[in-house]
Amino acid sequence: MNLSSHFPILIVVVPLLASYLMPILWRWKKDLVKPIAVSVVALSFLMSLAAAIEVIGSGPIRYHVGGWEPPWGIEIIMDHLSAYMAIVITGVGLLILVYSTAYAEKMIEKKNIGLFFALVLLLITGLSGMVVAGDLFNLFVFLEVASIASYALVTIAGKKGTKGRFEASFRYLYMGAIAATFILIGIGLGYMVTGTLNMADFALKLEVANTIYPRLVLASLGFFIVGFSLKTALFPLHLWLPDAYTHAPAPVSALSSALTIKVMAYVIYRLFYSIYGIQIVSTTTILPLLQLLAGFAIIIGSLYAIAQDDVVRILAYSSVSQIGYVILGATLLSGNGLAGGLLHILHHSVMKSTMLLSVGAVMYKTGKRNISDFQGIGRKMPFTMAAFSIAALSMVGIPPLTGFVSKWFMLLGTIETKSYAFTFVILASSLLNAVYYFRLINYIHFKGDTKGNVKIDEAPLTMLIPILILGTGAIVLGLMAGIPLKLIETAVSAFGI
Amino acid sequence: MIIDVASQYNYIIASALFLIGLYTMITRKNLIKKIIGLNIMNTAVFLFFISMGSVEGGKAPIVVHGSENVIYVNPLPQAIILTAIVVSVSVTAFALALTVKLYEVYGTLDSDRIRELRGGPR
Amino acid sequence: MTEDLIIRTTARLMTPFIQMFGIYIIFHGHHSPGGGFQGGAVIGVSMILLAVVFGLKEGEKRMGHDLSVVLGSFVLVYVLIGLLGILMGSNFLSNRAAGIPLGRPGDIISGGTILALDIVIGFWMASTGKTLFYALVKEGEK
């Protein structure tokens, strides 16, 4: 029994199993909840690494669930892009989970801790399932699993939870449900013209279908793009995001910003390049439209961020802006642009989660998060704030930190495709990013002492270590970009660019 | 041509229901009405899928022992819809639980009033 | 008072039949309309009927909170059955390919793992139906 060939499905199933165990464990054996949660995600991470190594060595892994041959059976595919995303999801997820074992003790109401871990595991299951799905409907099912887990996680009561979390979650649910319905219609229209749901088969049959029913194909693509744009918080469908992040506990915002919206953006990449194929997509007006929206997202997200007082809200609007970069990468029809966008998924996950987790550590110690309350914290929590500052500088795009590398690829992409307007957009937004991040760094390190006599010391170790690991990632991943690029470049060349 | 379009009345009704549901979700301020709108939208999608799977003169897709050469309707959309119904039920249940909580916290079910009470959009 | 009596007696009479019908739907899911989700919903509704007619406390006695948690987590067994497919040499959730005997279509014991999966889903759905109702009503009562 060759267990390693079952890794693609086990990466999804093992967290699912653990998630179902959580309510029972929480009721009868409370001590086992955290160790099992962390070890299960660590196991998934190791399996993703092993699968990635095998994919680099011998090509995509195709797994037939239930032993039924596609296109009648459900297929799970682990190709280069899926392996890359699985590593990002399980790796960053693992670090956030370790952080939340300490965060949950103080900041989440005791009776909800078991539920919190069950939901986080469900979220990781859903996201992993989305990246390995080889079948449109499987994608939808795991999408909904991840979404419902997200909606619930936003309302998990913090001890200092604000009342606003219910409305934030309701708006998120409500917009997310519309998006899911749109995606379902897209699947329906696509099935109508091709007669199959298997992604590879769908791509083949779509070429024939496009000559007979071009408008139906366009309609189904349109529904998909609208649905996933809403899920990935692309301007102007980003309205659920700031409220959801401000009222959710810090690890939940980190999970959502680093993982959830990225996986939704990954699906847009898949739609454009693997499922519909770039030939069909480039004949429609979707690419220029999405480019325009991405450009707006980049600039307007930064403008909003400058105007905020609450640090978490600044980071939320910054996420809106950064997702614009990722989508811009998808719409530039150039190898460098695509590589930049995909690389930005990893880089932004690491950078943004460092910052959100550090802010969470500050809230853990002081319970406050306006910019003015961050005055002078750099002296009291040196390591945490060092990681935060490095991640902030990396986001601005200062070489040789990691943010610079992905922006560089995208700049190359815009120059190659002669979209000079977007070269200007990327450079201008780096300046805007500098405005609000330098302001934060100024307050943290240079503005004098903390207000009041609150006794603040460094964050606990279980919270500090993930922050430091992610912060180191913000420095090192740029220099080590060759390693993820191995997976990305094969993926991009498989896309046919 | 009118007859051709009108014979596809399934799809026309499904589209009409979808638009009614979407309109309700967007314009009505009462939270419960928004959730009902969501349900109407989902039901419209289910209708659309199932009518897509119907085959002329087909029977229900159940294999009875000892019968061959029977035309069945397409069972795949039906399986999809079963799953989608479960998803829709879960989302509705969660939305209703949130509504109960919202009423408890704000004392009103009007989404505009809740916006005001929370301090307005930022 | 007489109306109350009629409702109570009817509920008491009907509940076993409702649950029997639910179990019937679950067990015949693979060769007639129905299946795990539908049958489980019917059984869940019978619990809700008890709660509506007799009050929450009486309903709690039939299926308490602990039992709901365990039955709800029964979906573990679903995943374990899937892993069973791996153990028997084929892929996850395998049925015929893993060598599980299939039987003739139309019998009750046929279709391999489908019957077991249906039963698991039935338990889960009954527990969920009851839990959702109780959670929503208890919130309102506070």
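For every chain, the first residue of the written sequence is number 1, and numbering continues from 1 onward in sequence order. Working convention: letters from A go to chains and numbers from 1 go to ligands, in the order in which they are written. Where totals are concerned, whole chains, interfaces and linings use all residues; where local detail is concerned, this predicted model gives features only for residues with pLDDT of at least 70, and gives and counts side-chain atom pairs only at 80 or more.

## Points about the overall build of chain A
Working step 1: Going along the chain from the N terminus, every DSSP run of H or I of four or more residues is numbered as a helix, and every run of E of two or more is numbered as a strand. A count of helical and extended segments in chain A gives 20 helices and 2 strands.
Working step 2: Counting over 497 residues, chain A shows a buried share of 64%.
Working step 3: This entry defines residue contacts through backbone-placed C-beta atoms, with two residues in contact when those atoms are within 7 Å. Contacts in chain A between residues far apart in sequence, at least 24 positions, make up 80% of those at least 6 positions apart. Remark: C-beta atoms are placed from the backbone, and a residue is labelled buried if 20 or more other C-beta atoms sit within 10 Å of its own, exposed if 12 or fewer do, or partly exposed between those counts.

## Side note on the overall build of chain C
Working step 1: Secondary structure assignment for chain C yields 6 helices and 0 strands.
Working step 2: Relative to its 142 residues, chain C shows a buried fraction of 37%.

## Some thoughts on the interface of chain B and chain A
Working step 1: Contact residues are listed per partner, giving 23 residues for chain B and 21 residues for chain A.
Working step 2: For the side of chain B that touches chain A, the elements supplying multiple residues, two or more each, are helix H3 (31-52), helix H4 (75-106) and helix H5 (111-118) of chain B.
Working step 3: Broken down by element, the residue count for the side of chain B that touches chain A peaks at 12 residues, all from H4(B).
Working step 4: Three categories are distinguished: nonpolar for Ala, Val, Leu, Ile, Met, Phe, Trp, Tyr, Cys and Pro, charged for Asp, Glu, Lys and Arg, and polar for the others, with Gly belonging to the last. Here the residues of the side of chain B that touches chain A are counted per class, giving 17 nonpolar, 3 polar and 3 charged.

## Here we look at the packing of helix H12 (residues 286-306) of chain A against helix H18 (residues 420-446) of chain A
Residue and element names in this part refer to chain A.
Working step 1: Convention adopted: a line fitted to C-alpha atoms gives each axis, helices being fitted over their contacting stretch, and angles between N-to-C directions are expressed from 0 to 180 degrees. Running from amino to carboxyl end, H12 crosses H18 at an angle of 15°, the nearest separation of the two axes being 9 Å. Relative to H18, the element H12 is oriented roughly parallel. Crossing of H12 against H18: the hand is left-handed. On the side of H12, the interface is formed by Gly295, Ile298, Ile299, Ser302, Leu303, Ala305 and Ile306, while H18 contributes Phe422, Val425, Ala428, Ser429, Leu432, Asn433, Val435 and Tyr436.
Working step 2: When the residues that make up the contact of H12 with H18 are grouped by side-chain class, the tally is 11 nonpolar, 4 polar and no charged. Roughly parallel here means an angle under 35 degrees, roughly antiparallel means over 145, roughly perpendicular means 65 to 115, and every remaining angle is called oblique. Crossings are sorted by hand: turned counterclockwise from the far helix by less than a right angle, the near helix makes the crossing left-handed, and turned clockwise it makes it right-handed.

## Topic: the pairing of strand S2 (residues 75-78) of chain A
Residue and element names in this part refer to chain A.
Working step 1: What you see with S2 is no split at all: Glu75 and Ile77 on one side and Ile76 and Met78 on the other are buried throughout.
Working step 2: When DSSP finds at least two bridges between two strands, those strands are taken to pair. Relative to S2, strand S1 (residues 61-64) runs antiparallel, the two sharing 4 bridges. Among the inter-strand pairings, Ile61 is bridged to a residue of S2, identified as Met78.

## Quick look at the confidence of the model for chain C
Working step 1: A residue's pLDDT is the confidence the predictor assigns to it, expressed on a 0 to 100 scale. Scored by pLDDT, chain C has a mean of 79; 80% of the residues are at 70 or more.
Working step 2: Scoring of the predicted complex yields 0.91 for pTM and 0.92 for ipTM.

## Quick notes on helix H8 (residues 214-231) of chain A
Residues and elements named next belong to chain A.
Working step 1: With 18 residues, H8 extends 26 Å between its outermost C-alpha atoms, agreeing within 8% with the 26 Å of an ideal straight helix rising 1.5 Å per residue.
Working step 2: Listing the buried residues of H8 in full gives Val217, Ser220, Leu221, Phe223, Phe224, Ile225, Gly227, Phe228, Ser229, Leu230 and Lys231.
Working step 3: Turning to H8, the residues buried within the fold contact helix H6 (165-194), helix H7 (199-212), helix H10 (250-275), helix H11 (278-282) and H12.
Working step 4: Just downstream of H8 lies Ala233, where phi reads positive at about 60°. Between the first and last residue of a helix there are one fewer steps than residues, each counted as 1.5 Å, and that sum is the expected span.

## Overview of unusual backbone geometry
All names here are of chain A.
Working step 1: Of note, the bond from Phe235 into Pro236 is cis; its omega dihedral lies within 30 degrees of zero at 0°.
Working step 2: Inspection of the secondary structure puts Pro236 in the loop between H8 and helix H9 (240-247).
Working step 3: In this model, Pro399 is joined to Pro400 through a cis peptide bond whose omega is -5°.
Working step 4: Position of Pro400 among the secondary structure elements: in the loop between helix H16 (382-396) and helix H17 (402-416).
Working step 5: Positioned with a positive phi, Ala233 is a non-glycine residue whose angle comes to about 60°.
Working step 6: Judged by C-beta crowding, with 28 C-beta atoms within 10 Å, Ala233 ranks as buried.
Working step 7: Even without glycine at this site, Lys418 takes up a positive phi of about 60°.

## Notes on the packing of H12(A) against helix H13 (residues 311-331) of chain A
All names here are of chain A.
Working step 1: Closest axis-to-axis distance for the H12/H13 pair is 8 Å, and the angle between their directions is 160°. Taken as axis vectors, H12 and H13 run roughly antiparallel relative to one another. Where H12 crosses over H13, the two elements pack in a sense that is left-handed. For the pair H12 and H13, contact is made by Leu287, Leu290, Gln291, Ala294, Gly295, Ala297, Ile298, Gly301, Ser302, Tyr304 and Ala305 and by Ile314, Tyr317, Ser318, Val320, Ser321, Ile323, Gly324, Tyr325, Ile327, Leu328 and Thr331, respectively.

## Notes on the environment of Leu21(A)
Working step 1: Along the chain, Leu21(A) falls in helix H1 (residues 7-28).
Working step 2: When the C-alpha atoms of Leu21(A) and His445(A) are compared, they prove to be 44 Å apart, with 424 residues separating the residues in sequence.
Working step 3: Beyond its immediate sequence surroundings of up to four residues, Leu21(A) is in contact with Ile36(A) and Leu76(C).

## Considerations on helix H19 (residues 461-479) of chain A
Residue and element names in this part refer to chain A.
Working step 1: Between its first and last C-alpha, H19 extends 27 Å over 19 residues, near the 27 Å set by a 1.5 Å rise per residue.
Working step 2: A residue's bend is given by the angle between axes fitted to the 7 residues ending at it and the 7 residues starting at it. Approximately 35° is the largest bend angle found in H19, and it occurs at Gly473.
Working step 3: Regarding H19, the residues found buried are Met463, Leu464, Pro466, Ile467, Leu470, Gly471, Gly473, Ala474, Leu477 and Gly478.

## Considerations on the environment of Pro15(A)
All names here are of chain A.
Working step 1: Within the secondary structure layout, Pro15 lies in helix H1.
Working step 2: The class of Pro15 is buried, set by 27 C-beta atoms lying within 10 Å.
Working step 3: Setting aside anything within four residues of it in sequence, one finds Pro15 in contact with Val40, Val41, Ser44, Leu121, Ile124, Thr125 and Ser128.

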